[in-house]
Amino acid sequence: METGFVFTPENLIENIEKVGAWSSYGLAQTALEHYFPDEYDEDGNCKGEVQREIELCQQLGCNYWHDVIIKFQKEVGYRVTNPNGFHPDGVNEY
């Protein structure tokens with residue numbers, strides 16, 4: 001049985017272009033919540049919706065979700081367990 005490619009925190013940056021749209025958004029949201037915790041509620045939802053997250057992304061000097069993911073990975077690092085937001089099943093499915 002052949003297994004497909006699996007994203008891990010260790011191979012995330014070099015394979016960033018392969019990450020699906022929902023996974024990119026989720027990983028970026030985790031990073032934005034780290035940098036701007038007051039912008040998120042207790043459930044991890046942005047108080048200002050997606051438009052506000054785009055503004056927060058730009059405040060970090062980033063233009064795309066991938067830019068935020070790379071910044072966070074280099075500065076903080078995703079972990080497989082929460083609260084650092086890398087859920088392997090989710091990232092590999094979406």
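Figured I'd write up the structure that's included with this text. (Residues numbered from 1 in each chain as written. Predicted model: local features only at pLDDT ≥ 70, side-chain atom pairs only at ≥ 80, totals over all residues. Heavy atoms only, no water.)

Moving on: the nonpolar core. If you look at the biggest cluster of nonpolar residues, it comprises 19 residues, and the most contacted ones within it are Leu-12, Leu-32, Val-68, Ile-69 and Tyr-78. With 4 residues, helix α1 (residues 21-35) is the single largest residue contributor to this core. Leaving out residues up to four positions away in the same chain, Val-68 has contacts with Ala-28, Ala-31, Leu-32, Cys-57, Leu-60 and Cys-62. (Core = buried A, V, L, I, M, F, W, Y, C linked by side-chain atoms within 4.5 Å. Buried < 20%, exposed > 50% of the residue type's maximum accessible area, 1.4 Å probe, protein only. Helix = DSSP H or I, 4+ residues; strand = E, 2+ residues; numbered from the N terminus. Contact = heavy atoms within 4.5 Å.)

A few words on the packing of aromatic side chains. This structure, assessed with the given rule, holds 4 aromatic pairs. Plain terms: the ring middles of Tyr-35 and Phe-72 are 6.2 Å apart, the flat faces sit at 90° to each other, and that makes the pair edge-to-face. Here Phe-72 lies in helix α3 (residues 65-75) and Tyr-35 lies in helix α1, a separation of 37 residues in the sequence. The exposure class assigned to Tyr-35 is partly exposed, which follows from its relative accessible area of 22%. Aromatic ring contacts, followed pair by pair, group Trp-22, Tyr-25 and Trp-65 into a single cluster. (Phe/Tyr/Trp six-rings, centres within 6.5 Å; stacked < 30°, edge-to-face > 60°.)

Another point: the pattern of salt bridges. Evaluation of the coordinates by the stated rule reveals 3 salt bridges. Between Arg-52 and Glu-39 there is a salt bridge, with its nearest N and O atoms 2.9 Å apart. Taken as a pair, Arg-52 in helix α2 (residues 49-59) and Glu-39 in the loop between α1 and α2 lie far apart in primary sequence, 13 residues in all. Judged by relative accessible area, which is 22%, Glu-39 ranks as partly exposed. Ionic pairing is found between Glu-55 and Arg-52, a salt bridge with its closest N-O pair at 3.0 Å. Within this pair, Glu-55 and its partner Arg-52 are both found in helix α2, separated by 3 residues, close to a single helical turn. According to the relative accessible area criterion, Arg-52 is partly exposed, its value standing at 21%. The network of salt bridges with common partners includes Glu-39, Arg-52 and Glu-55. (Salt bridge = Lys/Arg side-chain N within 4 Å of Asp/Glu carboxyl O.)

With that out of the way, let us pick up the packing of α1 against α3. Helices that pack against each other are described as a pair by the angle of their axes relative to one another and the distance between those axes. Between α1 and α3, the least distance of the axes is 8 Å, while the angle of their chain directions is 55°. Regarding the angle of α1 to α3, the classification is oblique. Handedness of the α1/α3 crossing: left-handed. For the pair α1 and α3, the contacting residues are Ser-24, Tyr-25, Leu-27, Ala-28, Ala-31, Leu-32, His-34 and Tyr-35 in the first and Trp-65, His-66, Val-68, Ile-69, Lys-71, Phe-72 and Glu-75 in the second. When its residues are assigned to classes, the contact of α1 with α3 shows 10 nonpolar, 3 polar and 2 charged. (Axes fitted to C-alpha atoms, helices over the stretch in contact; angles between N-to-C directions. Parallel < 35°, antiparallel > 145°, perpendicular 65-115°, else oblique. Left-handed = near helix turned anticlockwise from the far one by under 90°. Nonpolar A, V, L, I, M, F, W, Y, C, P; charged D, E, K, R; others polar.)

What follows concerns α2. For α2, the complete set of buried residues consists of Glu-53, Leu-56 and Cys-57. Projected onto a plane normal to the axis of α2, the buried residues spread over an arc of 105° and lie on a single side. Facing away from the buried side of α2, by more than 90 degrees, are the exposed residues Gln-58 and Gln-59. Tucked inside the fold, the buried residues of α2 contact α1 and α3. Once α2 ends, the next one or two residues include Gly-61, with phi positive near 85°. (Arc of directions from axis to C-beta.)

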